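Next come the chains, spelled out residue by residue.
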Amino acid sequence: MKLLKINPADNVAVALAQLAAGEKLSVDGAELTLAEDVGPGHKVALKSIAVGEDVVKYGHAIGRATVEILPGRLVHTHNLATALEGLLEYTYTPRIAERVTRESGIFRGFRRRDGKVGIRNEVWVIPTVGCINVLADMIARSGQELLSEGGGVDGIHFFGHPYGCSQLGDDHENTRRAVTGLIRHPNAGGVLVLGLGCETNGIEGIKELLGDYDHERVKFMVCQESGDDIADGLALLRSLVDYAGSFNREGVPMSELVVGLKCGGSDGFSGITANPLVGAFADRLIAEGGIAILTEVPEMFGAETILMNRCRTPKLFERMVEMINGFKNYYIANGQNIYENPSPGNKAGGISTLEDKSLGCVQKGGQTDVTGVLSYGDPVTERGLNLLDGPGNDLVSVSGMTASGAHLILFTTGRGTPFGAPAPTVKVSSNTALYDKKRAWIDFDAGQLLAGVSMDALCDQLYEYVRALASGEVCAKNEILGAREFTIFKGGVTL
């Protein structure tokens, strides 16, 4: 098969390989002659599409034709434009899926004193303010020698950021909540929090937001009060390594897992392979009692009603409407076009409009109903599918999901990227060519679906991979590369 018609209602099909002008192909029993070359992941018109008529893919409109498009023609940015504009009024039309349950599998994780489970046993060094990034990094680097002294600590990692002072309003709160979320994260068996001493995001404020905490697991140090900050920090780090080393892996149900869902560098195959695969995994995890987090709100625009109508209650629907319109108003307040989202790489890979991108993107959320809508930095508490307020930016959104409690991230991509969150970031390629080319970046190949592997079989493979990863049997490529970044969402004034 060289052309894939995804939904019976579609008037375009997706090229599965490089196609040449003049090729004769069969779609739904009808012969189609290509009028021009078409690259893999790009769209071909199956019928005449009039000016202003909807172009339909995934069974939904992905924009309108700007000129008449004849059968066999490439459909892309030169003849297709978004149909989205302005703020919308939404009506709750619930389509709640029948709840499916299944027996939970088992992985081997670290049970913390507060009952939470981690999939890594690391020690983290986290500054409250960017002024002391260099000190925090130096302490973390000096502490690497402690790992050779024994114990079961997987690593010592520093997570710097440029904020924590000269911020107002929501930006200040975002920083506080993100830093506090990272401190709470159960993948860290010990946390050293460093403050400067004069910053707005001071340690006392962090402690207030943190609430009750394990004083053996979390240590604080104010650098301006220390005579030798490196030595004092290293002494605290030693106690944290000793404490973290007291934990051992034990069998825990997969229902304890919190998995973040993200896409980046998407292509025309992302909505056909990697995103539906991750959605199938999310459905399975949720059926076992686990939690999935879906974010990147701007990449819901054009497909948001699919998720809105899956909200379990009218209150959740209202919160999602606020989240969607809040992000649109954020664009408007900054004088930006709400609906111009696909990147150059997206377009080169066959994605033409925001609707095209979003309808592929939301498939990562599977088919289950929405059980939670979270503000940025909120800890996740509801089992099931949670939507998190956050941007499409890869580094910011995976950091946000980690701060909300994601043990690991399933990150789908058609173009490839080496970056990672503070949590293991599993790269799932939409096509096998990328997997073969970038083995140092990519963890799992969803392109197998195009080679005839069934969705059920590949979902089983991904499930077992995630279980092994959570049990410490394998590492994500970002862990191997040392690619761990913490990037906080910022939208306002810097003083």
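Above this note sits the structure.
Residues numbered from 1 in each chain as written. Predicted model: local features only at pLDDT ≥ 70, side-chain atom pairs only at ≥ 80, totals over all residues. Heavy atoms only, no water.

## Some thoughts on helix α2 (residues 169–184)
What counts, and what does not: Under the DSSP-based scheme used, a helix requires at least four consecutive residues in state H or I and a strand at least two consecutive residues in state E, with every element numbered from the N terminus. Working rule for helices: expected span equals 1.5 Å times residues minus one. To sort residues, take the accessible area from a 1.4 Å probe on protein chains only and compare it with the maximum for the residue type: under 20% means buried, over 50% means exposed, and anything in between is partly exposed. Residue contacts follow a heavy-atom distance rule, with two residues in contact if any of their heavy atoms lie within 4.5 Å.
The terminal C-alpha atoms of α2 lie 23 Å apart, and with 16 residues this matches the ideal 22 Å at 1.5 Å per residue to within 8%. Every buried residue belonging to α2 is among D171, H172, N174, T175, R176, A178, V179, T180, G181, L182 and I183, and all of these are buried. Summarising the contacts, the buried residues of α2 are in contact with β12 (122–127), β14 (188–195), α3 (203–210), β15 (218–222) and α10 (394–403).

## Regarding the packing of α2 against α3
Where we set the bar: To obtain an axis, a line is fitted to C-alpha atoms, over the contacting stretch when the element is a helix, and the angle between two such axes runs from 0 to 180 degrees between their N-to-C directions. Take the far helix as the reference: if the near one is turned anticlockwise from it by less than a right angle, the crossing is left-handed, and if turned clockwise, right-handed. Polarity classes work like this: nonpolar for Ala, Val, Leu, Ile, Met, Phe, Trp, Tyr, Cys and Pro, charged for Asp, Glu, Lys and Arg, and polar for all others, with Gly in that last group.
Two elements in contact, α2 and α3, have axes separated by 10 Å at closest approach and are oriented at 65 degrees. Judged by the twist between their axes, the crossing of α2 over α3 is right-handed. Between α2, through R176, R177, V179, T180, I183 and R184, and α3, the contact on the second element is made entirely by G205, I206, L209 and L210. Of the residues that constitute the contact of α2 with α3, the class distribution is five nonpolar, two polar and three charged.

## Observations concerning helix α7 (residues 314–333)
In this model α7 runs 28 Å from its N-terminal to its C-terminal C-alpha over 20 residues, within 8% of the 28 Å that 1.5 Å per residue would give. Inspection of α7 places L316, F317, M320, V321, M323, I324, N325, F327, K328 and Y331 among the buried residues, and these make up the whole buried set. For α7, the elements touching its buried residues are α6 (304–308), β19 (370–374) and β20 (384–388). Backbone geometry just after α7 places G335 at a positive phi near 70 degrees.

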